[in-house]
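Structural overview
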Amino acid sequence: MSKISKLTIGAMLVALQIIFARFIYILTPGNLDRLSFSFIPDALAGFYLGPLYAMLYGVCADILGMLLNSAGTTFTPLFTLIAALKGLTYGVFLHKKQLTLKRIIMLFIFMTLVFDLGLTPIALMTLYGRSFQAVVIMKIPVQIVFCIIKIVTLYILSKPLSRLVK
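About the criteria used
Residues numbered from 1 in each chain as written. Predicted model: local features only at pLDDT ≥ 70, side-chain atom pairs only at ≥ 80, totals over all residues. Heavy atoms only, no water. Bend = angle between axes of the 7 residues up to and from the residue. Helix = DSSP H or I, 4+ residues; strand = E, 2+ residues; numbered from the N terminus. Phe/Tyr/Trp six-rings, centres within 6.5 Å; stacked < 30°, edge-to-face > 60°. Buried < 20%, exposed > 50% of the residue type's maximum accessible area, 1.4 Å probe, protein only. Salt bridge = Lys/Arg side-chain N within 4 Å of Asp/Glu carboxyl O.

Now for helix α5 (residues 101-128). The axis of α5 is deflected most strongly, by about 35 degrees, at Thr-112. Positive phi appears at Gly-129, one or two residues downstream of α5, with a value of about 75 degrees.

Structure follows, in structure tokens:
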């Protein structure tokens, strides 16, 4: 894929990610989680662009999204770093790989444990001064259900995606 194609696809996915993450979401009680389908453009970026471009995509989507709609929060570089690492992870798990159910399950279990129940609570702890344990305990039930939703959604999308690549 040429650099122009990667840039074009990346720009479209950034726009989709911003729409999903910043405008179409559900806040959980306590505002600990913002649930959205922004994982779809994130996964597509990893699948089509590869780890490095998906990492850059994550940074661009986070910074541009914050500029367009901060939802009353301040810019925190730690969340930008998390977005970059998520893009890298999607790229490592999905780029040039067959999208099997096992791979998708492993991806989202890893993403949930490392990012949603690991790094994000640390960022929230530093930002709001909340206890790490309290944040994680409140996030666990929501993240388990949302992890299953992510697995099912990406698995359903994997069939058409695989056909597009071939």
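Time to look at the packing of aromatic side chains. Tallying each qualifying case throughout the model produces seven aromatic pairs. Each ring, one from Phe-39 and one from Phe-108, has its centre 5.8 Å from the other, and the planes form 85 degrees; the classification is edge-to-face. Note that Phe-39 is positioned in helix α2 (residues 39-49) and Phe-108 in helix α5, a separation of 69 residues in sequence. Its relative accessible area of 3% is what places Phe-39 among the buried residues. Ring geometry for Phe-39 against Phe-146: centres 6.1 Å apart, planes inclined by 90 degrees, an arrangement best described as edge-to-face. Taken together, the residues Phe-39 in helix α2 and Phe-146 in helix α6 (residues 132-165) connect sequence positions 107 residues apart.

Before going further, it helps to examine the side chain of Gln-143. Relative to the elements of secondary structure, Gln-143 occurs in helix α6. According to the relative accessible area criterion, Gln-143 is buried, its value standing at 3%.

Our next topic: the pattern of salt bridges. Oppositely charged side chains are able to pair whenever their charged atoms sit close together. The tally for this structure, following the rule as stated, stands at four salt bridges. With a shortest N-O distance of 2.3 Å, Lys-139 and Asp-33 are connected by a salt bridge. Of the two residues, Lys-139 is situated in helix α6 and Asp-33 in the loop between β1 (26-27) and β2 (34-35); the sequence distance between them amounts to 106 residues. When sorted by exposure, Lys-139 lands in the same class as Asp-33, which is buried. The salt bridge partner of Asp-116 is Lys-150, with a shortest N-O separation of 3.3 Å. Residue Asp-116 is found in helix α5, and its partner Lys-150 is found in helix α6; the two are separated by 34 residues along the sequence.

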